[in-house]
Amino acid sequence: MKKRLFTPGPTPVPESVMLKMAEPMIHHRHPEFTELFTRVNNNLRYLFQTSGDVLTLTSSGTGSMDAVVCNLHQPGETAVFVNGGKFGERWGEILRAYGMHAVEVSVEWGSSVSADQIADALKGNPAVKAVYLTQSETSTGAATDVKTIAREVHKNCEAAVVVDGITAVGAMELRMDEWGIDAVVTGSQKGLMIPPGLAFLALSERAWRMTEKSTLPKYYFDLIKAKKAVRDNDTPWTPAVSLVIGVDKALEMIRSEGIENVWKRHDRLARSIRSSAQALGLSVLAKCPSNALTAITIPDSLDAKAFNRTLKNKYGITVAGGQGHFKGKIIRISHLGYYDEFDMTAIVSALELTLKDCGYKFEPGVGVRAAISAFSV
Ligand SMILES: *Cc1c(COP(=O)(O)O)cnc(C)c1O
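Cut-off values and rules
Residues numbered from 1 in each chain as written. Predicted model: local features only at pLDDT ≥ 70, side-chain atom pairs only at ≥ 80, totals over all residues. Heavy atoms only, no water. Helix = DSSP H or I, 4+ residues; strand = E, 2+ residues; numbered from the N terminus. Rg over C-alpha atoms; globule rule 2.2 N^0.38 Å. Buried < 20%, exposed > 50% of the residue type's maximum accessible area, 1.4 Å probe, protein only. Areas by Shrake-Rupley, 256 points an atom, 1.4 Å probe, with all protein chains shown as cover. Lys, Arg positive; Asp, Glu negative; His and termini not counted. Charge placed at Lys NZ, Arg CZ, Asp CG, Glu CD. Domains from an automatic or database assignment. Contact = heavy atoms within 4.5 Å. Buried area = accessible area lost by both parts, 1.4 Å probe. Salt bridge = Lys/Arg side-chain N within 4 Å of Asp/Glu carboxyl O. Polar contact = N/O pair within 3.5 Å; in protein donor to acceptor, adjacent residues only side chain to side chain. Near = heavy atom within 4 Å. Nonpolar A, V, L, I, M, F, W, Y, C, P; charged D, E, K, R; others polar. Pairing = 2+ DSSP bridges. Axes fitted to C-alpha atoms, helices over the stretch in contact; angles between N-to-C directions.

Draft legend 1. Spatial organisation of the overall build of the protein chain. Counting its regular elements, the protein chain contains 14 helices and 14 strands. A compact globule built from 377 residues would reach a C-alpha radius of gyration of about 21 Å, and the protein chain, at 21 Å, matches this within 12%. Classification of the 377 residues of the protein chain by burial places 58% in the buried group. As presented, the protein chain carries roughly 15,600 Å² of accessible surface, and 52% of it is formed by carbon and sulfur atoms. Across the protein chain, the mean location of the 43 positive side-chain charges is 4 Å away from that of the 40 negative side-chain charges.

Shown next, in the form of structure tokens:
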């Protein structure tokens, strides 16, 4: 059976990237690595749309979230975070783990925080040093308008705007410098199309000034050390060399497609899945949906576990289920990274077959037709 992965991280790895990573190991303090890492660093700046340094950390995405918090702050400072899903909630957990005063802005899971809600939180808390956002909340498939929020925050106060871009970078428009974002983090196994194990992080000048004053404990994730090293296209510690080799190839693919075209492709694929869901009488969870993934509510009349089991065992398709209180209630379908139109028709036709197996009533083919119509818009 041909297996197909439709989870919002890990995502499928292109064959050309896998082949590169299978080449013999090289040493990270020798010219062949420096040459490669120079190219990677240039292409990362393009991906993040920043002229500043983008740091490569050997960790999963959460490592870069942890690194931002412990490098930006002093003990006991106040920061705002948004709890609208599992990953927004994680910002709060990390802030509290470092003894920060974390002010929660709570939104219903599936909804997106508004600039007004953030403004209200800032008004009540003049000491806020940073606002922590999640551009694409992978647990619900909701997108946050970080551009508008960043503009509003900067109009009113000095707080830094930090964005978890783990499923946004390489999927949705994100222009770090132009939008005034102070920190962006992402991970390798999402829009970057390589296996898990690397995280990437960029800071604005404001965020670097905060970092220079920060006294929270840190060692492995000391970003000042990483910044000094990256200036020489080097890393403070042994990086995951194979993954850096892989990301070099993946970034080359993104660069040759063009970042705007990458964003447009994700928009097109996301729209096709959303219109298929609608045609099939299923609802999309997020009110303002991300283009990285689509969370679809499984009707109460169907057994979500049996649904996922059929999809996987009978049709070879792996999707993600719900997390937290959405467990057993939704499926999350990825269109993040190495996907095209034909992948979308494959997942939609498998959804139709599975719905049929589960006794759901619909007109066969309506979902696929809706997907195909969305491609030609
Ligand atoms: C996947 C993900 C994370 C966590 O990344 P890990 O690589 O699992 O540590 C954080 N935030 C978002 C939005 C994610 O999608």
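Draft legend 2. Focus on the domain arrangement of the protein chain. The domains assigned to the protein chain are domain 1 (4-9 + 259-375) and domain 2 (15-257). Counting residues at the interface gives 27 residues for domain 1 and 32 residues for domain 2. Both faces considered, domain 1 and domain 2 share a buried interface measuring about 2,500 Å² in area, 59% of it formed by carbon and sulfur atoms. When the area that domain 1 buries against domain 2 is broken down by residue, the three leading residues are Ile 259, Trp 263 and Gln 323, summing to 27%. Along the contact surface separating domain 1 from domain 2 lie two salt bridges. Taken together, the links from domain 1 to domain 2 amount to 12 residue pairs in polar contact (both at pLDDT 80 or more). Counting residues per element, the ones that place at least two in the side of domain 1 that touches domain 2 are α11 (259-279), β12 (293-297) and β14 (330-334). Sorting elements by how many residues they give to the side of domain 1 that touches domain 2 places α11 first, with seven residues.

Draft legend 3. Structural view of the site of the ligand. Surrounding the ligand, one finds 14 residues, the nearest of these being Ser 60, Thr 62, Thr 138, Asp 164 and Lys 190. Here an oxygen atom of the ligand and a side-chain polar atom of Gln 189 are 2.8 Å apart. Lys 190 has a polar side-chain atom sitting 2.7 Å from an oxygen atom of the ligand. Relative to its free-state accessible area of 380 Å², the ligand is covered by the protein chains to the extent of 89%. When contributions to the shell around the ligand are tallied by element, the ones reaching two or more residues are α3 (61-72) and α4 (86-97). When residues in the shell around the ligand are grouped by element, the largest group, three residues, is from α3. Here the shell around the ligand is composed, by residue class, of three nonpolar, eight polar and three charged.

Draft legend 4. The arrangement of the pairing of strand β8 (residues 160-164) in detail. Burial analysis of β8 places five of its five residues in the buried class, which makes it a mostly covered element. Burial of the side chains of β8 extends over both faces: Ala 160, Val 162 and Asp 164 are buried on one face and Val 161 and Val 163 on the other. For β8 and strand β9 (residues 183-187), the ladder comprises three bridges, and the chain directions are parallel. Looking at the pairing, Val 163 lines up with Val 184 of β9.

Draft legend 5. Broad picture of the sheet that holds β14. Spatially, five strands are ordered β1-β13-β14-β12-β11 in an open sheet, and the strand pairing comes out mixed. Whereas interior strands pair on both sides, the edge strands pair on one side only; in this sheet they are β1 (4-6) and β11 (283-284). Where β12 meets β14, five bridges bridge the pair, whose relative direction is antiparallel. Opposite Thr 294, over in β14, you have Ile 333 as the bridge partner. With respect to the sheet, α11 is in contact with β11 and β12, its orientation differing from that of β12 by roughly 10°.

Draft legend 6. Highlighting the pattern of salt bridges. Using the criterion set out here, one finds 17 salt bridges in the structure. The closest approach of N and O atoms between Arg 206 and Asp 182, which form a salt bridge, is 3.0 Å. Here Asp 182 lies in the loop between α7 (176-179) and β9 and Arg 206 lies in helix α8 (residues 205-213), a separation of 24 residues in the sequence.

Draft legend 7. Structural detail: the sheet that holds β9. Ordered in space as β2-β10-β9-β8-β5-β3-β4, the seven strands form an open sheet in which the pairing is mixed. The two strands at the open ends of the sheet, each matched to only one other strand, are β2 (54-58) and β4 (101-106). When strand polarity is set aside, the average angle formed by the axes of neighbouring strands in this sheet is 20°. Contacting β2, β5 (128-134), β8, β9 and β10 (198-203), α3 crosses the sheet at an angle of about 35° to β10. Strand contacts of helix α6 (residues 146-156): β5 and β8, with the helix running at about 165° to β8, the strand carrying the most contacts.

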